Amino acid sequence: MDRRSIQNFDWVFVLLIAVLLTFGLINLMSAAAAGVEGGTSNVVRRHMMVIGLAIFVMGLTTSVDYRHAERFAPVIFVGSLFLLGLTLVVGVVTRGAQAWLFSGGSIQPSEFAKVALVVMLARYFHRNPPSTIRQLRQLIVPLMIAALPIGLILLQRDMGVALLTLLVALTYLPLLSIPLRAWAGIAVLAAAGLAALWSFGLKVYQQQRILDFLDPGRDPLSSGYQAMQSRIAVGSGGLLGAGWQEGTQTQLRFLPTQHTDFVFSVLAEEWGFVGSTVVLAFFFALLLWGLWIAQSSKDGFGAMLAVGLVGTLFWPATINIAMVLGLAPVIGVPLPLFSYGGSALMSAAIALGLLLNVSMRRYVF
Amino acid sequence: MIGKVAAESRLPGADEAPSELRIGLIALIMLAAFAIFVVRLFQLQIVEGADLASRSERNSIRTLRLEAPRGDIVDREGRLLATTRPAFRVRVIPSEVRSSERAYRVLGELLDRDGDELAEKVGVPVGRRRFQPVALETDLSYLQLARVESHRYALPGVVTDMTPRRHYEGERTAAHLLGTIGEIDAEELARDAVPSYRAGDVVGKSGLEHRHEAHLRGKLGGRNIVVDVAGQEIEVIDEVDPVPGGRIVLTIDLDLQRVAEEAFRAEEFSLRGALVAIDPRNGEVLAMVSEPAYDPNLFPGGVGSETWNDLVSDESRPLRNRAISGQYPPGSTYKAVVAVAGIAEGILDPEEKVFCPGEYRLGRRTYRCWKRGGHGEVNLDQAVLGSCDVYFYKLGVELGVDKIGEYARKFGFGSPTGIDFQGEMPGLVPSREWKERARGERWLKGETVSASIGQGFNLATPIQLAQAFATFANGGTVYRPHVIKSIESWDGSAKRYPERSASLSAGIDPDVIRRVRQSLIATVQDPDGTGARARVEGVLVAGKTGTSQVVGLEQIKGLEDEDIPIRYRDHALFVGFAPAEAPEIALAVVVEHAGKGGGAAAAPIAQKVLAKYFEKHPVEGSPVLTASRRGGIDTGHGAETIAPGEAAP
């Protein structure tokens with residue numbers, strides 16, 4: 001790391017990360033206090049260890065010039081595909097999806113595949129700048145790149161993450177110079193794809209979740225239960241919230257998977273409208289700062305990488321919060337920096353580390 | 001700012017960097033998403049906040065009813081007859097059971113029950129009933145409780161709690177007196193005399209449990225609790241303690257009650273019948289037995305329909321309280337009443353001798369004395385102690401049925417005693433007017449002959465017999481029998497004596513009663529007396545035996561005693577009191593279909609109860625001498641029949 005990079009160290013970005021991680025930890029301590037699978041103190045202790053590890057990984061990712069990643073992109077990408085393939089062979093099935101490697105350590109390769117896909121696409125768009133892409137057929141190669149990990153994740157029966165990975169890839173769409181009528185074509189294709197997905201890709205319980213989302217009162221005690229309880233938790237937070245570790249929905253465990261997928265409900269119940277809005281603001285600030293990093297990068301690869309990495313943070317956060325607020329079906333996607341879970345936090349750490357990396361080296365050229 | 005930096009820092013080779021506009025588009029999409037979130041948060045938390053918060057409360061707050069333990073019923077010395085003990089139950093809240101098939105299988109193993117059966121019991125309730133607990137087992141053993149408790153975390157929706165449960169100390173002791181409890185039925189619920197009852201509540205169904213339901217029940221308490229998603233109690237918000245049910249102190253003496261019950265059960269096969277013992281000084285019932293009895297512990301927690309059917313269809317009718325509902329011809333015990341009527345009406349001179357040839361002719365019919373060959377010349381004492389029928393046939397015919405009835409009613413026959421109990425029968429004292437009214441027939445003179453020895457139409461309940469002889473014992477006061485000494489609050493802070501000694505005078509000259517009492521003493525104390533088997537060492541016992549015919553003699557003519565079918569066999573009666581000079585206990589014993597006379601079948605039961613009583617309350621002074629001397633003094637005219645030294649064999 002040269003002197004100039006250290007001089008340009010992005011303290012604002014690091015501060016935003018630190019604030020969000022702190023909020024996340026405080027909130028998780030409350031969510032876990034009610035007693036969760038694995039034991040309250042175990043969960044909190046493990047989460048703190050993972051945060052420590054994440055900071056280390058972030059530092060590591062920052063220290064090596066990100067431009068090496070362009071050279072190694074195919075290796076990284078193929079490596080991630082290999083891990084995804086490995087999960088299919090020796091993976092552990094949890095909650096209906098065969099997405100985890102090793103039962104004890106539970107590493108979820110699809111979390112890392114998102115980042116690897118972004119690295120690969122950044123390399124592609126560096127060589128074929130999106131502003132030069134004017135026709136749909138020019139998208140065939142990047143689509144094929146994206147289709148590889150998405151296909152493997154679909155084979156794991158992990159719908160949520162597959163959709164998420166697709167959305168991450170679609171982050172690049174606004175950068176393209178494709179005319180309006182081509183977008184119409186994409187819309188038709190997307191609709192057809194969704195219909196096909198519904199009939200062939202979705203399991204009955206997944207279809208149920210979507211139906212529950214469209215009509216939450218349908219069966220409040222079975223599959224709509226989670227969504228209903230989450231909305232009750234969020235709503236009962238009111239303006240200022242019930243207070244830390246005071247939310248009854250949380251502390252009496254009416255909330256399902258409250259320390260992982262529904263961790264934002266805990267925040268909303270206990271910190272109310274004010275607390276939730278503040279956290280949303282910090283999240284938005286973090287993402288916006290990421291876009292600014294992309295904008296200010298003098299290097300095409302760095303800019304493309306930064307845009308994609310913002311996507312890997314934005315989409316899971318959006319899907320997760322939309323689900324918690326009853327705006328989207330229940331999809332098992334964790335909230336970055338808030339949810340308990342090693343792989344998600346680690347992949348976020350890599351993404352944030354790379355963003356920091358790009359930010360630091362914006363004057364290198 | 002973004003644009004400025006980008007514009008300034010554009011370097012050669014970096015011209016592929018995305019334009020500001022395009023990146024701004026992405027920022028706009030993100031802004032839109034976060035704006036939607038803030039709006040949605042505002043909608044849920046501010047606009048719908050109060051509504052959703054109350055739903056959150058409903059989620060977690062439950063109101064429990066705290067059942068009050070039912071009040072104790074104790075005997076006169078404070079010994080428990082009925083009490084309340086803790087019972088542990090296990091219940092299932094259907095809405096909270098997860099992976100029900102496994103849950104019921106595990107529960108089945110823990111409770112040693114069939115899992116499918118449990119699942120069936122809970123069923124698949126809909127609507128609000130999903131949230132209402134279904135009891136699977138209401139009285140867990142400690143082992144079962146420990147098993148369920150230790151697996152509770154693996155069984156969401158399964159809850160255990162403690163409830164008060166009625167327990168009767170004696171197996172069948174005083175069963176009819178105590179009565180039964182059971183789940184409230186629709187009819188009782190509809191009556192809503194007490195509004196706080198709910199389906200599934202336990203109420204008294206018979207006996208004291210029924211009569212004093214309001215007092216025994218106590219007052220419900222309530223508790224608002226916070227529960228978690230599995231229905232487990234997390235925290236108590238507020239609580240109103242239940243007020244335990246009040247105590248009822250009976251006049252019953254458990255020792256006498258037990259001795260009396262055992263006397264019926266001690267025989268080779270259990271006897272059927274009833275016994276009532278009364279304190280003649282105030283009408284307190286000391287013992288009330290009806291045999292056969294049932295085990296009242298069958299009822300708490302719900303009597304099974306099979307058990308219930310068995311009890312109802314049992315030919316021996318164990319549920320019936322014979323002491324107040326059984327109506328029997330009083331037989332020769334009635335002669336004491338007829339004797340009082342004779343003396344009081346000036347028709348009978350007790351010392352005048354009447355010849356008994358063994359039969360009595362009236363018109364064309366002949367009425368036999370029970371003693372073939374007759375009693376010979378007998379005065380009143382001899383007629384009573386030998387239970388001479390002819391003597392009383394003559395007296396009865398001279399008095400007429402209406403005069404006999406008049407005196408019988410003074411002793412309390414023919415109408416309920418007023419003991420505060422459901423199901424008391426009035427008995428029957430016949431008269432001319434009654435027969436015209438009830439049967440539309442004229443009274444026949446021959447029927448007066450039967451009436452004068454307590455046969456024919458006459459019917460009396462054991463409690464009436466005991467009350468009547470208590471009146472003989474106390475010299476002419478009719479006390480209303482009662483079983484309740486006091487009604488108290490659970491902690492004894494408030495006491496009531498609702499039934500203290502309601503009495504009225506029989507309206508009979510006490511001298512007349514005293515005179516007949518001598519004959520009753522002779523009946524027990526004379527070596528030839530029919531009631532000799534009721535004698536108690538050291539105590540002067542008075543009494544009268546009776547044998548009441550169940551069917552006409554023609555039906556069993558020529559049969560040896562043992563060949564007579566049980567249902568045709570005579571009832572045996574004994575009624576008496578002691579100590580004769582200052583009576584403390586009067587009692588009536590009826591043994592159904594004994595096949596033996598009252599002296600042989602009923603007197604021994606009375607003897608056991610009296611012996612127990614005087615073991616607890618010894619007569620002062622040297623028992624034998626006292627008895628003899630007092631007997632000699634008191635009996636006066638009858639002194640010659642009670643030879644000192646023979647008084648207590």
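Residues numbered from 1 in each chain as written. Chains lettered and ligands numbered in written order. Predicted model: local features only at pLDDT ≥ 70, side-chain atom pairs only at ≥ 80, totals over all residues.

Details of the pairing of strand S3 (residues 80–92) of chain B
Residue and element names in this part refer to chain B. So the rule is basically this: Any two strands with at least two DSSP-identified bridges between them are counted as paired. Helix and strand assignments come from DSSP, with helices taken as H or I runs of at least 4 residues and strands as E runs of at least 2, each series counted from the N terminus.
In this sheet, S3 lies alongside strand S2 (residues 73–74) in antiparallel orientation, the contact comprising 2 bridges. Considered in S3, the bridge of Val74 is made with Leu80. Between S2 and S3, which pair antiparallel in sequence order, lie 5 residues; one of them, Gly78, sits at a positive phi of approximately 85°. Note: S3 against strand S5 (residues 158–168), 11 bridges, orientation antiparallel. Bridging from a neighbouring strand, Arg85 pairs with Arg165 of S5.

What to know about helix H6 (residues 140–155) of chain A
Residues and elements named next belong to chain A. Basically, it comes down to this: Here the expected span of a helix is defined as 1.5 Å times the quantity of residues minus one. At any given residue, the bend is defined as the angle formed between two axes, one fitted to the seven residues that end at that position and one fitted to the seven that begin there. A residue is called partly exposed when the number of other C-beta atoms within 10 Å of its own lies between 12 and 20, exposed at 12 or fewer, and buried at 20 or more, with C-beta atoms placed from the backbone. Contacts here follow a simple rule: the backbone-placed C-beta atoms of the two residues must lie within 7 Å.
With 16 residues, H6 should cover 22 Å at 1.5 Å per step; its first-to-last C-alpha distance of 22 Å lies within 8% of that length. Along its length, H6 reaches its greatest deviation from straightness, about 30°, at Ala147, and the proline Pro149 lies no more than four positions downstream. Residues of H6 that are buried include every one of Pro142, Ala146, Pro149, Ile150, Leu152 and Ile153, and no others. Where the residues of H6 are buried, they touch helix H4 (67–90), helix H5 (109–127) and helix H7 (159–170). Note on H6: the residue one or two positions beyond its end, Arg157, has a positive phi of about 65°.

Concerning unusual backbone geometry
Residues and elements named next belong to chain B. Going from Glu291 to Pro292, the amide bond is cis rather than trans, its omega being 0°. When you line up the elements, Pro292 lands in the loop between strand S12 (285–291) and helix H12 (305–313). Within the chain, Asp112 stands out as a residue other than glycine whose phi angle is a positive 60°. Take Asp112: there are 11 C-beta atoms within 10 Å of it, and that puts it in the exposed class. At Arg317, a residue that is not glycine, the phi angle is positive and equals roughly 50°. Here Arg317 lies in the loop between H12 and helix H13 (322–325). On the basis of neighbour counts, which here come to 16 C-beta atoms within 10 Å, the residue Arg317 falls in the partly exposed class.

Structural notes on the environment of B:Ile184
Residue and element names in this part refer to chain B. Topologically, Ile184 is positioned in the loop between strand S6 (181–183) and helix H8 (186–191). Sequence-wise, Ile184 and Arg198 are 14 residues apart; in three dimensions their C-alpha atoms are separated by 7.9 Å. Those residues in contact with Ile184 that lie beyond four places of it in its chain are Leu189, Tyr197, Ala199, Asp201 and Val203.

Some points on the packing of helix H12 (residues 263–296) of chain A against helix H13 (residues 300–324) of chain A
A packed helix pair is summarised by two numbers, namely the angle formed by the two axes and the spacing between the axes. Residues and elements named next belong to chain A. The condition that has to hold: Geometry is summarised by axes, namely lines fitted to C-alpha atoms with helices restricted to the contacting stretch, and by angles between N-to-C directions that run from 0 to 180 degrees. Small angles under 35 degrees read as roughly parallel and large ones over 145 as roughly antiparallel, with 65 to 115 read as roughly perpendicular and the rest as oblique. Left-handed describes a crossing whose near helix is turned anticlockwise from the far helix through less than a right angle; right-handed describes the clockwise counterpart. Here the term charged refers only to Asp, Glu, Lys and Arg, the term nonpolar to Ala, Val, Leu, Ile, Met, Phe, Trp, Tyr, Cys and Pro, and the term polar to all other amino acids, Gly among them.
Between H12 and H13, whose axes approach to 9 Å, the crossing angle comes to 165°. Taken together, H12 and H13 sit at an angle that is classed as roughly antiparallel. When the axes of H12 and H13 are compared, the crossing they make is left-handed. Residues Phe264, Ser265, Phe283, Leu287, Gly290, Leu291, Ile293 and Ala294 of H12 touch H13, and the partners they reach there are Ala303, Ala306, Val307, Leu309, Val310, Leu313, Phe314, Ala317, Asn320, Ile321 and Val324. Class assignment of the residues belonging to the contact of H12 with H13 gives a composition of 16 nonpolar, 3 polar and no charged.

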